[in-house]
Amino acid sequence: MILVLGATGPTGSETARRLVARGLPVRAVSRDPRQAAQLPALAGVEILPGDTSQPASLAGRFDGVAKVYLVPPTALGWDKMQSEIISAAAAAGVSHVVKLSAIGAGPDQPSMSLRYHWKGEQDVEASGMSFTHIRSNSFFQNTLFDLASLKNEGRFYSCVGDARFAKIDTRDIAEVIVKVLTEDGHEGRTYELTGPAALSFADMADQLSVAVGSAVEYVDLSPDQYAIELAKSGMPEWLATEFADIYGRGFYREGGGSRITETLPQLLGRPARTFSTFAAEHAPMMQRHW
């Protein structure tokens, strides 16, 4: 049995789908199991009530589980939640944890997420369980968070300046995770996964323009202004601040996300998907309303 924590998210759902397609038993937890069961990607998954932001709700969910794919919860204070989940998995006798982390994870980053991912890696390594860390770059799919402004204005906003990112498709990440979960030889490894090209957000706007057939513009804001605008849109203040910190300050703003690794091609035997391919596939979702 493989437990996927974060199974309704982009990497978790694709990982679960691929594992089921291989005939493997997969378990997931959800605050709303009935709604989660309607997701096509989770067809054939055992879905139990549970909430990773409330680790106590996971009692019994590790029973009979050999391996775990851990996507940390998106909630204020998720470093402590992550630590409790790791402790519970170890206490239940889980043999291997594959943890989703991030390129740039470190103890001194302005970004809460990069600090917490680093802490989670340390917790997993100290737990006694076998582990693999998946440090990914930013996702292509994050572009879809900007659907409203793309469709209504032909613009998307951030605070990265001219920094470049070797962004990656979540489907590629999931394929690596499934390989790690179903093969030997990945224990104790840290895999840094990137896409095949380092693009500025202006470059991505150009490729989106080609895909949707109309001009798309990237609008750069200061980190403080970006956080204000996100909060105005209804995003919780702590999360708006984190988006400004992770993209506008520290590792990524300084260009750390531009490095391209060959890890994914080496593991999968094929090139990583390109942003232009992603843009073309998702163009109908992003086309202008007028």
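Quick notes on the rules
- Think of each chain on its own: its residues are numbered from 1, step by step along the sequence as written.
- For a predicted model such as this one, the threshold for reporting local features is a pLDDT of at least 70, and the threshold for listing and counting side-chain atom pairs is 80 or more; totals across whole chains, interfaces and linings nevertheless cover every residue.
- Excluded from the side-chain calculation are hydrogens and water; included are all heavy atoms of the structure.
- Among buried residues, those of type Ala, Val, Leu, Ile, Met, Phe, Trp, Tyr and Cys that are joined through side-chain atoms within 4.5 Å constitute a nonpolar core.
- Residue exposure (1.4 Å probe, protein chains only): buried if accessible area is under 20% of the type maximum, exposed if over 50%, otherwise partly exposed.
- Secondary structure elements are taken from DSSP: a helix is a run of H or I of four residues or more, a strand is a run of E of two residues or more, and numbering for both begins at the N terminus.
- Contact criterion: two residues are considered in contact whenever any of their non-hydrogen atoms come within 4.5 Å of each other.
- The criterion for an aromatic pair is that two Phe, Tyr or Trp rings (for Trp, the six-membered ring) have centres within 6.5 Å, with stacked assigned to planes under 30 degrees apart, edge-to-face to planes over 60 apart and tilted to the rest.
- Counting as a charge over the ring demands two things of the Lys NZ or Arg CZ atom: a distance within 6 Å of the ring centre and an angle within 35 degrees of the ring normal.
- A strand pair is defined by DSSP finding two or more bridges across the two strands.
- In this description, a line fitted to the C-alpha atoms serves as the axis of each element, helices being fitted only across the stretch in contact, and the angle between N-to-C directions of two axes falls anywhere from 0 to 180 degrees.

Okay, the nonpolar core next. Where a protein is soluble and globular, its nonpolar side chains tend to be buried together. Judged by nonpolar contacts, the single largest core of 32 residues is most densely connected at Phe156, Phe165, Phe201, Leu208, Val216, Tyr252 and Phe275. Mapped by element, the contributors of at least two residues to this core are helix H5 (147–153), helix H7 (201–212), strand S11 (217–220), helix H8 (223–232), helix H9 (237–248) and helix H11 (275–286). Those residues in contact with Val216, other than ones at most four positions away along the chain, are Leu150, Gly154, Phe156, Ala205, Leu208 and Ser209. Grouped together as the second largest cluster of nonpolar side chains are 30 residues, Ala28, Ile134, Leu264 and Ala272 included.

For any pair of aromatic rings, the description consists of the separation of the ring centres together with the inter-plane angle of the planes. A complete count under the given rule lists 13 aromatic pairs for this structure. Arranged with centres 5.4 Å apart and planes meeting at 80°, the rings of Phe140 and Phe275 form a pair that is edge-to-face. Here Phe140, found in the loop between strand S6 (130–136) and H5, pairs with Phe275, found in helix H11; they are 135 residues apart in sequence, far enough to count as distant. Taken as a pair, Phe140 and Phe275 share a single burial class, namely buried. On the basis of an interplanar angle of 20° and a centroid distance of 5.7 Å, the ring pair of Phe165 and Tyr252 is categorised as stacked. With Phe165 in strand S8 (residues 164–165) and Tyr252 in the loop between H9 and helix H10 (263–268), this pair connects stretches of sequence that are 87 residues apart. Relative accessible area serves as the criterion here: at 1%, Phe165 is assigned to the buried category. According to the relative accessible area criterion, Tyr252 is buried, its value standing at 4%. Here a set of aromatic residues connected by ring pairs shows up, and it is made of Phe156, Phe165, Phe201, Tyr218, Phe243, Tyr247, Phe251 and Tyr252. In this arrangement the basic side chain of Lys167 is found over the ring face of Phe165, its NZ or CZ atom lying 5.8 Å from the centre.

Okay, the sheet that holds strand S9 (residues 189–193) next. Sheet architecture is open: 7 strands sit in the order S3-S2-S1-S4-S5-S6-S9, paired in parallel fashion. Here the strands that pair on one side only, and so sit at the sheet edges, are strand S3 (46–49) and S9. With strand direction ignored, the average angle separating the axes of adjacent strands in the sheet is 20°. Strands strand S1 (2–5), strand S2 (26–30), strand S4 (67–70) and strand S5 (96–102) of the sheet are contacted by helix H1 (residues 10–21), whose axis makes an angle of about 160° with S1.

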